[in-house]
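Next come the chains, spelled out residue by residue.
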Number of protein chains: 2
Amino acid sequence: MFNNVTIVGVGLISGSFAIALKQKGFAKNIIGVSRTEASIKKALELGFIDEALPLEEAVAKSDLIYVAIPVDSTIPVMQKIMGLVNDKQIVADAGSTKFALCDALSDHPMRKRFVATHPMWGTEYSGPEAAVKDAFAGRACVICEKEKSDVDAVEIMEKLYRELGMHIIYMEAASHDMHAAYVSHISHITSFALANTVLEKEKEGDKIFELAGGGFESTVRLAKSNPAMWAPIFMQNRENVLDVLNEHISQLRKFKSALEKENMEYLDELMVNANKISKIIK
Amino acid sequence: MFNNVTIVGVGLISGSFAIALKQKGFAKNIIGVSRTEASIKKALELGFIDEALPLEEAVAKSDLIYVAIPVDSTIPVMQKIMGLVNDKQIVADAGSTKFALCDALSDHPMRKRFVATHPMWGTEYSGPEAAVKDAFAGRACVICEKEKSDVDAVEIMEKLYRELGMHIIYMEAASHDMHAAYVSHISHITSFALANTVLEKEKEGDKIFELAGGGFESTVRLAKSNPAMWAPIFMQNRENVLDVLNEHISQLRKFKSALEKENMEYLDELMVNANKISKIIK
């Protein structure tokens, strides 16, 4: 379908996206752009990019430019890209926050060529080696401010994501960021904080290694995530994250209070309420 | 090896244990004991017990009696069983707390026939239907107060668990409970509290369903766990659980403070520290 696709960033998301595009026959040539020489080398070695070029050259020859880098870098890089594209090219991002970026691009003369997307898939790993086949399938992809993008650009991005097995959800950027804080960002904070808790308590680490079962592993898995990716997400989505973090601390305090007062009934009630998640997440 | 093994409780742990005993050829006949008629019926239907008997009759004909019921019920049931066994029979439990039980049995004339064990495996599901093949493998099994049990009884339990693919760790009961609070119990509390947080924020539930990715699912998975099992664990291990819960709240407050002050450096530092868990949990 496309002769040339540029991925800006050659990590988990962009790499997995590139692998999928090739596999589905959507791209003949994939160009990687990254400031990190070692990552470019690795991506070429792994074969999910066909060549590496500086941003300007890559954009000049690409039908689609797909940006998946930390959300604080996305804004200036995207502004640069938007200054380079014509009205046949498509630009999309994969960032976990949408409001700040959409806001920054809202008055850009080429805004219509940009599609704000958030494929809600990921793992705790990062970098080119983290890119995998068959990523994205079964998850939601949020498209924000659809009406500000050209119809052809939106349709192509929808088609790509659907071919990857995603279902599309439309949201306002502010609404996306709020729900993302509730359903994704807070999970990362609780997991980081749980790791710090257990590392503080089990100073030696050997007992964690010896004793940890599947329950601990699954709750602490996200604590392996890359701070360079997550710090900018938390900062850009600060108000929503603080809001849900306050709620979470207050929910933990309820457990604390139930235990302190040895209030078995209240403890049970808190857990019975939490069990309702079974009806939502199978 | 054994003619008759009794499992007291016919749920996740006892059922998976029964399946493994049969599969490994360790037991000819497995007797199920449960106060819940529907569970007995289901266990017979699933075939992991061969017959169901009242506790006294089951114990009378069994070589091994394996108790896996909520930890608050374990103490009175175990005291009853210990009053029924002779010095050829072996009694073991699989409870997630060890101090209260070991303490309650410490002066029992038959204490030596009892082996206090905690196979550190589980899932968020419960009841007979939750029992699975190939459970336990790759996880630790803690044996407490080994020196208070007869050598033959300990050796047999070790052999069974090793055949199931577990590695054995020896601990004092109080030490077990402390480490279990750090490595297992707090994960359950954070997960229950996370579910309550998100259910509070996403009142409709449809957005959770639409948007939730793998990260949320893995951190919230344990919130599906059975309150009837977990409330007694938290209560019996109250002091350790409160201790680690306080630490966890204080770790979350650090994230809150970093975000409130927009202190990117501190936020990054917290996450870099959490990343250390990668070296312990692969």
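The rules behind each value
Residues numbered from 1 in each chain as written. Chains lettered and ligands numbered in written order. Predicted model: local features only at pLDDT ≥ 70, side-chain atom pairs only at ≥ 80, totals over all residues. Contact = placed C-beta atoms within 7 Å. Helix = DSSP H or I, 4+ residues; strand = E, 2+ residues; numbered from the N terminus. Nonpolar A, V, L, I, M, F, W, Y, C, P; charged D, E, K, R; others polar. Domains from an automatic or database assignment. Buried ≥ 20, exposed ≤ 12 C-beta atoms within 10 Å, placed from the backbone. Arc of directions from axis to C-beta. Pairing = 2+ DSSP bridges. Axes fitted to C-alpha atoms, helices over the stretch in contact; angles between N-to-C directions. Least-squares fit on C-alpha atoms with pLDDT ≥ 70 in both.

Before we go on, may I ask you to explain the interface of chain A and chain B in this structure?
Frequently, the measure chosen for interface size is the accessible area that the parts lose on association. Chain A puts 80 residues into the contact, and the matching count from chain B is 80 residues. When residues of the side of chain A that touches chain B are traced back to their parent elements, those giving at least two are α7 (173-201), α8 (206-211), α9 (214-220), α10 (227-236), α11 (238-260), α12 (264-274) and α13 (277-280) of chain A. The biggest single contributor to the side of chain A that touches chain B is α7(A), with 20 residues. Across the side of chain A that touches chain B, the residue classes tally to 44 nonpolar, 19 polar and 17 charged.

Just checking my understanding: could you explain the domain arrangement of chain A for this structure?
Residue and element names in this part refer to chain A. The assigned domain composition of chain A is domain 1 (2-171) and domain 2 (176-280). Of note, the centres of domain 1 and domain 2, computed from C-alpha atoms alone, are 30 Å apart. Between domain 1 and domain 2, the residue contacts involve 15 residues of the former and 15 residues of the latter. Every element with two or more residues in the side of domain 1 that touches domain 2 is listed here: α4 (71-82), α5 (99-105) and β7 (140-144).

Explain helix α12 (residues 264-274) of chain B here, please?
Each full turn of the α-helix corresponds to 3.6 residues, which orients residues three or four apart in the same direction. Taken as a whole, α12(B) has its buried residues at B:L267, B:L270, B:M271 and B:A274. Down the axis of α12(B), the sector holding all buried residues measures 90°, keeping them to one side. The secondary structure elements touched by the buried residues of α12(B) are α7 and α10 of chain A together with α11 (238-260) and α13 (277-280) of chain B.

Where do I start with the environment of B:D268 in this structure?
Inspection of the secondary structure assignment puts B:D268 in helix α12. Judged by the 16 C-beta atoms lying within 10 Å of it, B:D268 is partly exposed. When the C-alpha atoms of B:D268 and B:T6 are compared, they prove to be 53 Å apart, with 262 residues separating the residues in sequence. Not counting residues within four places of it along the chain, the set of residues in contact with B:D268 comprises A:P227 and A:A231.

What exactly am I supposed to notice about the sheet that holds strand β1 (residues 2-8) of chain B here?
Hydrogen bonds between backbone atoms are what pair the strands of a sheet, whose relative direction is either parallel or antiparallel. All names here are of chain B. Ordered in space as β3-β2-β1-β4-β5-β6-β7-β8, the 8 strands form an open sheet in which the pairing is mixed. The sheet is open, and its two edges are formed by β3 (51-52) and β8 (167-171), each paired on a single side. Its contacts with the sheet place helix α1 (residues 12-23) against β1, β2 (27-33) and β4 (64-67), and it is angled at close to 165° to β2. Strands in contact with helix α6 (residues 151-163) are β5 (90-93), β6 (114-119), β7 (140-144) and β8; relative to β6, the strand with the most contacts, it is inclined by about 20°.

What's the story with the sheet that holds β7(A) in this structure? I'm lost.
Residue and element names in this part refer to chain A. The strand order β3-β2-β1-β4-β5-β6-β7-β8 describes an open sheet built from 8 strands, whose pairing is mixed. The outermost strands of the open sheet, each flanked by one partner alone, are β3 (51-52) and β8 (167-171). Strand direction decides the pairing type here: β7 and β8, joined by 5 bridges, are parallel. Looking across to β8, one finds that C141 is bridged to I168. Packing against the sheet, helix α6 (residues 151-163) makes contact with β5 (90-93), β6 (114-119), β7 and β8, and its axis sits at approximately 20° to β6. Against the sheet, α7 touches β6, β7 and β8, its axis set at about 145° to β7.

How do you make sense of the relation of the copies chain A and chain B when you look at a structure like this?
Two chain copies, one operation linking them: a rotation about an axis together with a shift along it. Overlaying chain A on chain B yields an RMSD of 0.0 Å, the required transformation being a rotation through 180° with an accompanying axial translation of 0.0 Å. Viewed as a symmetry operation, the transformation between the two copies matches a two-fold axis. Considering only C-alpha atoms, the part of chain A nearest the rotation axis is A:T219, at 2.2 Å. By residue overlap, the copies meet face to face through one surface: 100% of the interface positions of chain A are interface positions in chain B.

Looking at this structure, I do not really get unusual backbone geometry. What am I missing?
Only a minority of non-glycine residues have a phi that is not negative, and only a minority of peptide bonds are not trans. Phi angles above zero are rare outside glycine, and A:E145 is one such case at about 50°. The residue A:E145 is located in the loop between β7 and α6 in this model. Assessed through the 21 C-beta atoms surrounding it within 10 Å, A:E145 is described here as buried. Although it is not a glycine, B:E262 adopts a positive phi angle of roughly 50°.

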